[in-house]
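# Chains, contacts and geometry: an overview
Read off the chains here:
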Amino acid sequence: MFLNLDEVFKIMEQLADVTLRRLLDNEGFDLDPGLQEPSQITKRDLEARAQNEFFRAFFRLPRREKLHAVLDCSLWTPFSRCHTAGRMFASDSYICFASKEAGCCKVILPFREVVSIEKMEDTSLLPNPIIVSIRSKMAFQFIELTDRDSLVESLLARLKQVHADHPVHYDTTQDEDLTSSVFHSTSMCGDHRFGRIEMVSSQNSEEREKEMSPQLHPEALVAGFWRSGSQSPDSRLPREQIKMRLWNDHFVEYGRTVCMFRTEKIRKLVAMGIPESLRGKLWLLFSDAVTDLASHPGYYGNLVEESMGKCCLVTEEIERDLHRSLPEHPAFQNETGIAALRRVLTAYAHRNPRIGYCQSMNILTSLLLLYTEEEEAFWLLVAVCERMLPDYFNHRVIGAQVDQSVFEELIKEQLPELAEHMQDLSALASISLSWFLTLFLSIMPLESAVNVVDCFFYDGIKAIFQLGLAVLEANAEDLCSSKDDSQALMVLSRFLDHIKNEDSPGPPLGSHHAFFSDDQEPCPMTDIADLIRDSYEKFGDQSVAQIEHMRCKHRIRVLQGHEDTTKQNVLRVVIPEVSVLPEDLEELYDLFKLCRPFICVGLTMNINFNYKCKTNFKMHFQKKSQDKCVIIMVSNSVLQPEREHMMSCYWEQPRPVALRHDPSRPYAEQYRIDARQFARLFQLVSPWTCGAHTEILAERTFRLLDENVDHLIEFKAFVSCLDVMYNGEMNEKIKLLYRLHIPPALTENDRDSQSPLKNPLLSTSRPLVFGKSSGDAVDYQKQLKQMIKDLAKEKDKTEKELPKMSQREFIQFCKTLYSMFHEDPEENDLYQAIATVTTLLLQIGEVGQRGSSSGSCSQEAGEEPQAPVPSPEQDSVFAGTHNGKSPRESQAFPEAAQGDWTVSLEHILASLLTEQSLVNFFEKPLDIKSKLENAKINQYSLKTCAMNRQSQPELKLSSP
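The chain is annotated in an unreviewed UniProt entry as TBC1 domain family member 8 from Delphinapterus leucas. You can read under Function (unreviewed entry) in the UniProt record for the chain the words "May act as a GTPase-activating protein for Rab family protein(s)."

The residue after Pro-743, namely Pro-744, is reached through a cis peptide bond having omega 5°. With respect to the secondary-structure elements, Pro-744 resides in the loop between helix H30 (730–739) and strand E14 (769–771). One non-glycine residue with positive phi stands out, namely Arg-81, at about 55°. Position of Arg-81 relative to the elements: it lies in the loop between strand E1 (67–77) and strand E2 (82–91). The residue Glu-144 is not glycine, and still its phi comes out positive at about 60°. Position of Glu-144 relative to the elements: it lies in the loop between strand E7 (139–143) and helix H3 (148–165). Take Glu-144: its relative accessible area is 42%, and that puts it in the partly exposed class.

Counting residues in each nonpolar core, the largest one holds 141 residues, and the members touching the most others are Phe-142 and Trp-435. At 10 residues, the largest contribution of residues to this core is made by helix H14 (residues 374–388). Residue assignment places this core across two domains, with domain 1 (254–383) and domain 2 (398–541) each supplying three or more. Non-local contacts of Phe-142, meaning those with residues more than four positions away in its chain, are made with Cys-73, Ser-74, Leu-75, Met-88, Phe-97, Leu-109, Asn-128, Pro-129, Ile-130 and Val-132. Membership of the second largest hydrophobic core comes to 72 residues, among which are Trp-688, Phe-715, Leu-840 and Ile-844.

The next subject is the pairing of E1. Here E1 runs beside E2; their pairing, made up of 10 bridges, is antiparallel. Its bridge partner lying in E2, Ser-74 is registered against Ala-85. Linkage of E1 to E2, two consecutive antiparallel strands, is achieved through a turn of four residues, within which Arg-81 is found at a positive phi near 55°. With two bridges joining them, E1 and E7 adopt antiparallel strand pairing. Within E7, the residue paired with Ser-74 across the bridge is Ile-143.

The next subject is the packing of aromatic side chains. Geometrically, a pair of aromatic rings is defined through the distance of the ring centres and the angle of the planes. Evaluation of the coordinates by the stated rule reveals 37 aromatic pairs. Ring centres 5.8 Å apart and planes at 45° place the aromatic pair Trp-247 and Phe-251 in the tilted group. Here Phe-251 and Trp-247 lie together in helix H6 (residues 237–254), a separation of four residues that amounts to about one turn. Trp-247 sits in the buried class, given a relative accessible area of 1%. Measuring from ring centre to ring centre gives 5.3 Å for Tyr-589 and Phe-715, while their planes differ by 85°; the resulting arrangement is edge-to-face. Residue Tyr-589 is located in helix H24 (residues 582–594), and its partner Phe-715 is located in helix H29 (residues 715–727); the two are separated by 126 residues in the primary sequence. Taking the relative accessible area as the measure of exposure, Phe-715 reaches 2% and is therefore buried. One aromatic cluster is present, built from ring pairs that chain together Tyr-589, Phe-592, Tyr-671, Phe-678, Phe-682, Phe-702, Phe-715 and Phe-718. Lying across the ring of Phe-58, Lys-106 places its NZ or CZ 4.9 Å from the centre.

What counts and how
- Within every chain, residues take consecutive numbers counted from 1 along the sequence as written.
- It should be noted that, the model being predicted, local features are given only for residues of pLDDT at least 70 and side-chain atom pairs only at 80 or more, the latter also being counted only at that level, while totals for whole chains, interfaces and linings use all residues.
- Excluded from the side-chain calculation are hydrogens and water; included are all heavy atoms of the structure.
- UniProt positions are given in the numbering used here, feature names are shortened, and annotations may be inferred rather than shown by experiment.
- Numbering of helices and strands runs from the N terminus, with a helix taken as a DSSP run of H or I at least four residues long and a strand as a DSSP run of E at least two residues long.
- Think of it in three bands: with a 1.4 Å probe and only protein chains considered, a residue is buried below 20% of the maximum accessible area for its type, exposed above 50%, and partly exposed in between.
- Nine residue types can take part in a nonpolar core, namely buried Ala, Val, Leu, Ile, Met, Phe, Trp, Tyr and Cys, and a core is a set of them joined through side-chain atoms within 4.5 Å.
- Domain extents, as shown, originate in an automatic or database domain assignment.
- Should any heavy atoms of two residues lie within 4.5 Å, those residues are considered in contact.
- Pairing between strands is defined by DSSP: at least two bridges between the two strands are required.
- Planes of paired rings set the category: under 30 degrees apart is stacked, over 60 is edge-to-face and the rest tilted, where pairs are Phe, Tyr or Trp rings (Trp by its six-membered ring) whose centres lie within 6.5 Å.
- Both a distance and an angle decide whether a charge sits over a ring: NZ of Lys or CZ of Arg must be within 6 Å of the ring centre and within 35 degrees of the ring normal.

Structure (C-alpha cells):
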C-alpha cells in the first residue's frame, strides 16, 4: 500500500487523464508502449507519459513527438556572455532547451536545421561539452552533460534518420552563406547579413508544386492591397520603421530563424506588436509551422488537387461561411480572397476529416491569409488546430469549454471581488467563449486583434487567459454594478469594440462587433498595446505547467457535465415511451454505459480532486520487481460501480470505440453496445433468467434489436425491450418471446437450435383431452377449430402479421419456457401447465398438417402441416441431441405426416391462456429495483467470469 497520499492522488489523476484523452480522441489517441497492457502499468510509465505531455505543451510540438532524454546542462548564451543553467530535452525530431529561471531563455532546434553534433575537448571550464551546429551558421554549446558519449550517439542516430526521411536542400545561390529554410540568418561571429525573408526549397520541388497547383495565391493578401493603394499607410508608418529597426537589432543578437534564443526581450517586442512585414513569417517561426512546411514540399498542392470539386456536408458548411469571414476587410470582398480561403479550409478538412470544418476556423484562416502565403496559412492552421488549441475544433468544442472552466478558476484566484459579485461565472463563460475560439478576432477591431494573435503565437493560450483577465479587471467596477447578464455583456462588448491600435500602419476597419444604443455615454478608447502590457504585468505569472494541471482537472469536470447533459436528454426522450420509473431508468443508463470501456466518465470520474477526499482512497498493488508496482484496486469511499468501471477501463483489452460513441447522432442513439457487452448486461438486469440458457436468449435478443445489422444497439432499443419484460401485458411478453424464436432472432446457425426432440415423448396420435375433477374427459378436437377461427377474425389487421413458427423454432420456444420456470416457487405447477399447453399446441399443428397433407386443409383454421410431439415429463423433453440435420432436412418423427409443421402467435397465446398458473407467471409484478441493486454489486464478478471463459481456449491450446 502506498503511504504517501499525494503520490497516490497524482497517480489517480494521471490514470484519469489517460482515460479522458482516450475518450476525447478515440481515433487519434495512441497509448505509450508502457500503457498498452493494462495489467503492466507502472508508476514509471505514468511519470514518463506526464513528462512527455509537459514537453510537448511547453515547446508546443507535434503530438507525435516522443521524448527520449531530459538532462541537466548549461547553454552558452552570447547575449549574456555566460552559460545559462537549464535542461536539455531530446525527442524524435528536436533538441530543446529551457532555462531553470522561468522566461530567461528557451531554444528549439529541429533536427532538420541541424548540420552537425560534435563533442569538444573536456576541460575544467567546459566539462563534457558538445556543439550543435545549424544551417544558418549558428552554433549552440552545451556543457555539464552526464553520459555525454551515449547522448551524442543517440542524437546522431536520430539526426541521420530525420535527414533520410526529409532530405535537406541548400540554396547555393547566396554566395558563401548557407540559408535556412525560412530566413537568411546571422552568423554567430559578427559578419551579419540579412537577406529577404523567404522560403527556400529545391528548384525541382518549386517547379513540381507550380505544375500541380498553379491556382494557389502566391503572396499574402494584405500585400496586394498595399500595392493597389486599398490600404495606404498613413502617418503612423514611421512607427513601423522604428519597430523594424528594433527587430533587426534583436535578430542580430539573438538569431532570426526557428532556432533563435527566445527570451523576455522578444516577448516585450511581441507585446508591442510585430511589424506588418514580419508578422506572417514570425508566426511561422513561433508556432514551428515552418518545420512542417519545409518537410512537406508539394503536400498542400496535392491536397488542393484532391479536395477541390468534391461536394459533401463539410464543403457545404465551408461555402456557407466563406462570405462571413472578415467581411469588413476588402481582401474578402472579391473572389481572390474567397477562393484562397475556400482552398485552405477544404484542404484542411480533407487532411483531417476527424475535425473537418468547425465554425471560427474561417475567421482564423482569413487572418492567416492576410499575412502569409496560402500554403503557409495552411500549415499555420494545422499548428493551431492540432497543437496550440487541442480539442477546440470538434463537434463539442471540448477544448474551449475546458479552458473556459480554467478561466473561471483564474477569475476566482485573480479577481476575487468580481467572482464574489458574479456568483454564477458561467454567465461570463458564455460571453468569453468567443474570445478563446476566435482569439478575440470576432469581438475586437481587426487592427487591434492582430496584436493579440501575435502574443498567442509566441506564448500560446496563456496569452488569451491573461488578456481575458485584463479585460475583466478593466471593467470590474461596471461589471459589479451591472444588474443582470445582458448588462454585463453590454459593458464588455462596448469596451472591446473601442480598443484601438495607434501603431497600425493601415486605416482602421469598420467594426460590427458591439451593440449599444446612441443614448449611452461614449466609451473611452483603450490602446491594445497598453492592455497587453497590463496583462503581462498583472497576470503573466501563470506557467505552462500550472495551466496544463488545471486543464487536466477541469477536463474531468467538463466531460462530467457533458455526460450529465447527454444523460438528461436521453432520459427526456425515453421516459415518455416506457413505463420504467425515471429513477430506475437513470440506473439502467449508468449500467448501460458501464458496459462500455473508456466511455462512462459520468460514474468513473465523479470524484472531486481535492485534499479533503484523498484520505478516502487506498491504492493496493502487487510487487512485480524491485521498482515495478502494478495497481490492482481502488477502494474505500469509491462507489462499487465507479470502482468496477475503473477496473474495466484498465483490465479489459482495448477495443475500437469510435463506432460505439458518436456525438453527432441523436442523444438516445449516441451510446451503443456490441453483442458481448449486451449479453453481460442482459444477464445482469433481465427478469427472464434461464440458467445456462440465459446467454443464448441474450444472443437472440440482440439479433432481434439489431434492426440495421450493424452489430450495435442503442440505449433506447435496450430499454424498450426491457420495459416489455418488466411492465408489458401478458400478450406483449408472449409476442416478444415468440419473436425471439423466429428469424432474425433465431438463425440456422444458432448454437442451441440443433437439438430437436430425440424421441416422440409427446404423442399427437391420442385424442387431446383436459382432465376434469369429476374424472370424466371431454374431447376438444372440434372446439379447437372454432377457437382458432374466432382468433383469426378478431386479430388486429393493422398490425403486421408475424410469420408462423416452424417445428425447430417451436422446440426452442418450449425450451426457453421450461428454463424460465426453474427455481420459481410454483415450479411444479408451471412444468405441468406448460406440458399441457405444449400438447395442445402440437395437437393444433397436427390438425393443420393432416388437413394440408390430404389436400382438404381448412382455410378457416389458418394452419399448416405439423410434426412431432413432446410429453409432460419436463426433465426429459429436451434431452439428447440430433444427428446434426435440422427437422426440415430429416423426418425426426416417423408418425408425423409429410409437410411443414407451423404454429402461429395466436395459437400459442390462446393455449397459454387456458392455464391459470402460466397467466399468473406472466402477469405477476416484477421488481426492477432489486435487480438493479444486484447488478451494480455483481457486475465485476460477471465480467471476470466472462473474461476467464474467453481465456480458457487459449490456455488449453498452450498446454501440452
